[in-house]
Amino acid sequence: MGAGREMSISLDGVRDKNVMQLKKLNTVLFPVRYNEKYYTDALASGDFTKLAYYSDICVGAIACRLEKKEGGAVRVYIMTLGVLAPYRGLGIGTKLLNHVLDLCSKQNIPEIYLHVQTNNEDAITFYKKFGFDITETIQNYYTNITPPDCYVVKKSVTPETKK
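Reading guide: rules and limits
- Throughout, a residue's number is its position along its own chain's written sequence, starting from 1.
- Selection of residues for local features in this predicted model requires a pLDDT of at least 70, selection of side-chain atom pairs for listing and counting requires 80 or more, and totals for whole chains, interfaces and linings are taken over all residues.
- Calculated side-chain values reflect all of the structure's heavy atoms, with hydrogen atoms and water omitted.
- Only protein chains enter the area calculation, which uses a 1.4 Å probe; residues under 20% of their type maximum are buried, those over 50% are exposed, and those in between are partly exposed.
- Helix numbering and strand numbering both begin at the N terminus, where a helix is a DSSP run of H or I of at least 4 residues and a strand a DSSP run of E of at least 2.
- Within this analysis, the arc is defined by the directions that extend from the helix axis to the C-beta atoms.
- We define a nonpolar core as any set of buried Ala, Val, Leu, Ile, Met, Phe, Trp, Tyr and Cys residues linked to one another through side-chain atoms lying within 4.5 Å.
- It only takes one pair of heavy atoms within 4.5 Å for two residues to be counted as in contact.
- Salt bridge criterion: a side-chain nitrogen from Lys or Arg within 4 Å of a carboxyl oxygen from Asp or Glu.
- UniProt positions are given in the numbering used here, feature names are shortened, and annotations may be inferred rather than shown by experiment.
- Whether a set of points on the 1 Å grid over the protein atoms alone is a cavity depends on a 1.4 Å probe fitting there but being unable to get out, while an open set qualifies as a pocket with protein on both sides within 12 Å along at least five of seven lines; lining residues are those with an atom within 4 Å of a point.
- Grid points are joined across faces, edges and corners, and a volume is the space filled by probe spheres set on the points.
- As a working rule, the residues Ala, Val, Leu, Ile, Met, Phe, Trp, Tyr, Cys and Pro are called nonpolar, Asp, Glu, Lys and Arg charged, and the rest polar, with Gly in that last group.
- When the sulfur atoms of two cysteines come within 2.5 Å, that pair is taken as a disulfide.
- Stacked, tilted and edge-to-face pairs are distinguished by plane angle, under 30 degrees for stacked and over 60 for edge-to-face with tilted covering the rest, among Phe, Tyr and Trp rings (Trp via its six-membered ring) whose centres lie within 6.5 Å.
- For a lysine, the NZ atom is tested; for an arginine, the CZ atom; a charge sits over a ring if that atom is within 6 Å of the ring centre and within 35 degrees of the ring normal.

1. Notes on helix α5 (residues 121-129)
Think of an α-helix as 3.6 residues a turn; residues three or four steps apart then line up on the same face.
Okay, so step 1: Looking only at α5, the buried set comprises Ala 123, Ile 124, Phe 126 and Tyr 127. Buried residues of α5, seen end-on, are gathered within an arc of 160° and therefore sit on one face of the element. Turned more than 90 degrees off the buried face of α5, the exposed positions are Glu 121, Asp 122, Thr 125 and Lys 129.
Okay, so step 2: Gly 131 sits one or two positions beyond α5 and adopts a positive phi of about 90°.

Here's what the structure looks like:
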């Protein structure tokens, strides 16, 4: 059964012509509004930002930003990862996250991280399944949502070995 379900999930890149899909999803999925810099960063990340389709319906997305650390190393910041409620539990979020983790491995990007609101237990459980760890708590990270605190959740990525 699982394999047949997987067949109906597809990923597509975000481009100028379909960025409105990402904007619509974010309006429904998240309690905060994202500015134009978010969308500029998402578009600039190339393959690290994807829309997810279930039977040709846009139902989820992952949007990342590539960041340069001191010393020139690159890391990936997951700005958002979300799937519309009726489509959760179908492997869509897993497919989106695995796509980005695979890219990190292939491109030798050693670190991926994100912020998670401290009361978002579903997200914390989800990321822990993939080997992410809570590394710190930031007080009053969010404005206009309660609770305002977040966890920084990180994962070290092992580079893909050449065969």
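Still more ground to cover, so stick around.
2. Looking at the nonpolar core
Burial of nonpolar side chains together is a common tendency in soluble globular proteins.
Okay, so step 1: Leu 22, Ile 78, Ile 92, Leu 97, Ile 112, Tyr 127 and Phe 132 are the most contacted members of the largest nonpolar core, which totals 50 residues.
Okay, so step 2: The element best represented in this core is helix α4 (residues 92-106), accounting for 7 residues.
Okay, so step 3: Excluding residues that lie within four positions of it along the chain, Leu 22 makes contacts with Val 14, Tyr 38, Tyr 39, Ala 42, Thr 49, Leu 51, Ala 61 and Ala 63.

3. Details of the pattern of salt bridges
Okay, so step 1: Counted by the stated rule, this structure contains 10 salt bridges.
Okay, so step 2: Its salt-bridge partner being Lys 37, residue Asp 41 comes within 2.8 Å of it at the nearest N-O pair. Taken together, the residues Asp 41 and Lys 37, both in helix α3 (residues 36-44) and 4 residues apart, mark about one turn of the helix.
Okay, so step 3: Put simply, Arg 65 and Glu 67 hold a salt bridge, and the shortest N to O gap is 2.7 Å.
Okay, so step 4: A single salt-bridge network, built from bridges that share partners, covers Lys 37, Asp 41, Arg 65, Glu 67, Lys 69, Arg 75, Glu 111 and Lys 154.

4. Some words on the UniProt feature "domain: N-acetyltransferase" (unreviewed entry) in the protein chain
Okay, so step 1: Taking the UniProt record as the reference, the feature "domain: N-acetyltransferase" (unreviewed entry) is found at residues 9-158.
Okay, so step 2: End C-alpha atoms of residues 9-158 are separated by 26 Å, and the span's content is 29% helix alongside 35% strand.

5. Things to note about the layout of surface pockets
A probe as big as a water molecule, rolled over the atoms, marks out the empty space that is left.
Okay, so step 1: Of the pockets and cavities examined, the largest pocket occupies roughly 1200 Å³.
Okay, so step 2: What lines the largest pocket is a set of 41 residues, and nearest its centre among them are Phe 30, Thr 80, Leu 81, Asn 120 and Tyr 127.
Okay, so step 3: Put simply, the parts of the chain that give the lining of the largest pocket at least two residues each are α3, β4 (74-83), α4, β5 (111-117) and α5.
Okay, so step 4: Among the elements that line the lining of the largest pocket, the one with the most residues is β4, at 7 residues.
Okay, so step 5: For the lining of the largest pocket, the residue count by class is 22 nonpolar, 12 polar and 7 charged.

6. Comments concerning the environment of Leu 101
Okay, so step 1: Along the chain, the position of Leu 101 falls in helix α4.
Okay, so step 2: In sequence terms Leu 101 and Thr 146 are 45 residues apart; their C-alpha atoms lie 30 Å from each other.
Okay, so step 3: Residues in contact with Leu 101, not counting those within four places in the same chain, are Ile 112, Phe 130, Phe 132, Lys 155 and Val 157.

7. Considerations on the state of the cysteines
Okay, so step 1: One pass over the structure, following the stated rule, counts 0 disulfides.
Okay, so step 2: Take Cys 104: it sits in no disulfide, and the sulfur closest to it among the cysteines is that of Cys 64, at 7.3 Å.

8. Quick notes on the packing of aromatic side chains
Okay, so step 1: Applying the stated criterion across every chain yields a total of 9 aromatic pairs.
Okay, so step 2: For the ring pair Tyr 38 and Tyr 39, a centre distance of 4.6 Å and an interplane angle of 75° mean the geometry is edge-to-face. Each member of the pair, Tyr 38 as well as Tyr 39, is classed as buried.
Okay, so step 3: The rings of Phe 30, Tyr 34, Tyr 38 and Tyr 39 are connected pair by pair, giving a single aromatic cluster.
Okay, so step 4: A cation sits over an aromatic face here: Lys 23 above Tyr 39, 5.0 Å from the ring centre.

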